[in-house]
Amino acid sequence: MAADPKETIERIRALAEDFTGTIGVAARDLDTGTEVMYNPDVVVPTASTMKTVLLYELYRQVDAGQIDPAMRITLEERHRVPGSGVLQDLDAGVAPTVKDVATLMITVSDNTATDMIYDLIGREAVAETLKRLGMNNTHLPLDTWEILAGLHNLDPADPTLTYDRLKQALASKPAPWDCAALRETPDNDVSTPRDMLRLVEAIFRGEGLSPASREAVIDILKRQKYTTIIPEQLPFGVQAAHKTGTLRGVRNDVGLVFAGDRTYAVALMSKDSPNLVASQRLLSDISRLIYECFIGPIPEEALQ
């Protein structure tokens, strides 16, 4: 028997009281409409969860005939972005397809791939899609190069800020807590759990997407390699189509959970925590609570 949503919220509240930092939770059973909401409108830097928006917009443009996912994009030196991902380590001249680049953007959170996709789809188009979806508290003015530069308050447009220099700066010391990349203002990439829930539910329901593009987006999200939050404590066989995000003090995970013939959407976001391991564990525990609320108890033998 599933848990009561009010009881689940109280259990989340109790966990949050012992946490050094701030969390926000938004979840909805897409079959019944039952919700679990805790601090759903808290503004949090998106970190790499913004890449989910780019994936959605990419396939919206595929449907509009503006982009061919089989088209190849040639990696150039100017594309390289440090941080997560593998494209930065490959020789210039490699030419993956648009779909390949988008897959890297999601599955290994590839920053170089992300900025290649962002350049392709355009910032104005992303902003318009956020308005169309009613994600009014979400702002994505920055690509990953600009976010990473902001971690050390560097000017991303400075011609002397090379890939190697930025990589060295990121490796030299932790970002200061007052850096530009952690601002909660519209000039930074920010969102809320409620807005991210709106996005993943739109993906599930195929809003603005053809059936083929809906399946492509969900398939790519299901291939996520970082699985320590939403899916970590869920039963064997349950699938999650999701995207994580991490910056200093920030741990996020947003997506869809497919449990047999049941599906729910969930957005877990946290900020201001000096201990990312604790953040990860807390959000993983909350993910389990949400599963048990919507689907039912998890027997120990069912855990992965």
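Trainee: Help me understand the layout of surface pockets, please; the structure alone is not making it clear to me.
Mentor: Unoccupied space between atoms shows up once a probe the size of one water molecule is rolled over them. In this structure, the largest pocket encloses a volume near 470 Å³. What lines the largest pocket is a set of 26 residues, among which Ser48, Ser84, Asn111, Thr246 and Leu247 lie closest to the centre. Within the residue set of the lining of the largest pocket, elements represented by two or more residues are α6 (144-151) and β5 (239-247). Take the lining of the largest pocket: its biggest share by element is 5 residues, from β5. Taken together, the residues of the lining of the largest pocket break down into 9 nonpolar, 12 polar and 5 charged. Taken as a whole, the second largest pocket spans an internal volume of roughly 330 Å³.

Trainee: Sorry if this is basic, but what is going on with the environment of valine 190 here?
Mentor: Within the element layout of this structure, valine 190 appears in strand β4 (residues 190-191). For valine 190, a relative accessible area of 1% corresponds to the buried category. In sequence terms valine 190 and isoleucine 147 are 43 residues apart; their C-alpha atoms lie 11 Å from each other. Residues within four places of valine 190 in sequence aside, it is in contact with Val43, Val44, Pro45, Thr46, Asn137, Thr138, His139, Arg183, Glu184 and Thr185.

Trainee: Looking at this structure, I do not really get the nonpolar core. What am I missing?
Mentor: Side chains that are nonpolar tend, in soluble globular proteins, to be buried together. Core analysis: the largest hydrophobic core is formed by 68 residues, its most contacted members being Leu55, Tyr59, Ile117 and Leu256. It is helix α2 (residues 50-63) that provides the largest number of residues to this core, a total of 8 residues. Among all residues touching leucine 55, those that are not within four sequence positions of it are Ala102, Met105, Ile106, Val217, Ile220 and Leu221. The next biggest cluster of nonpolar side chains, apart from the first, holds 28 residues, and it includes Ile12, Phe19, Ala27 and Val257.

Trainee: Help me understand the sheet that holds strand β6 (residues 250-259) in this model?
Mentor: Backbone hydrogen bonds are what pair the strands of a sheet, in a parallel or an antiparallel way. Here 5 strands make up an open sheet; going across it, the order is β2-β1-β7-β6-β5 and the pairing antiparallel. The sheet terminates laterally at β2 (35-38) and β5, the two strands that pair on one side only. Going across the sheet, the axis of each strand differs from the next one's by a mean of 5°, ignoring polarity. Across 4 bridges, strand β1 (residues 22-29) lies against β2 in antiparallel orientation. Of the residues in β2, the one forming a bridge with alanine 27 is valine 36.

Basis of the calculations
- Residues numbered from 1 in each chain as written.
- Predicted model: local features only at pLDDT ≥ 70, side-chain atom pairs only at ≥ 80, totals over all residues.
- Heavy atoms only, no water.
- 1 Å grid on protein atoms, 1.4 Å probe; cavity = no way out; pocket = protein on both sides within 12 Å on 5 of 7 lines; lining within 4 Å.
- Points joined across faces, edges and corners; volume = space filled by probe spheres on them.
- Helix = DSSP H or I, 4+ residues; strand = E, 2+ residues; numbered from the N terminus.
- Nonpolar A, V, L, I, M, F, W, Y, C, P; charged D, E, K, R; others polar.
- Buried < 20%, exposed > 50% of the residue type's maximum accessible area, 1.4 Å probe, protein only.
- Contact = heavy atoms within 4.5 Å.
- Core = buried A, V, L, I, M, F, W, Y, C linked by side-chain atoms within 4.5 Å.
- Pairing = 2+ DSSP bridges.
- Axes fitted to C-alpha atoms, helices over the stretch in contact; angles between N-to-C directions.

Purely geometric stuff here, so don't read any function into it on its own.
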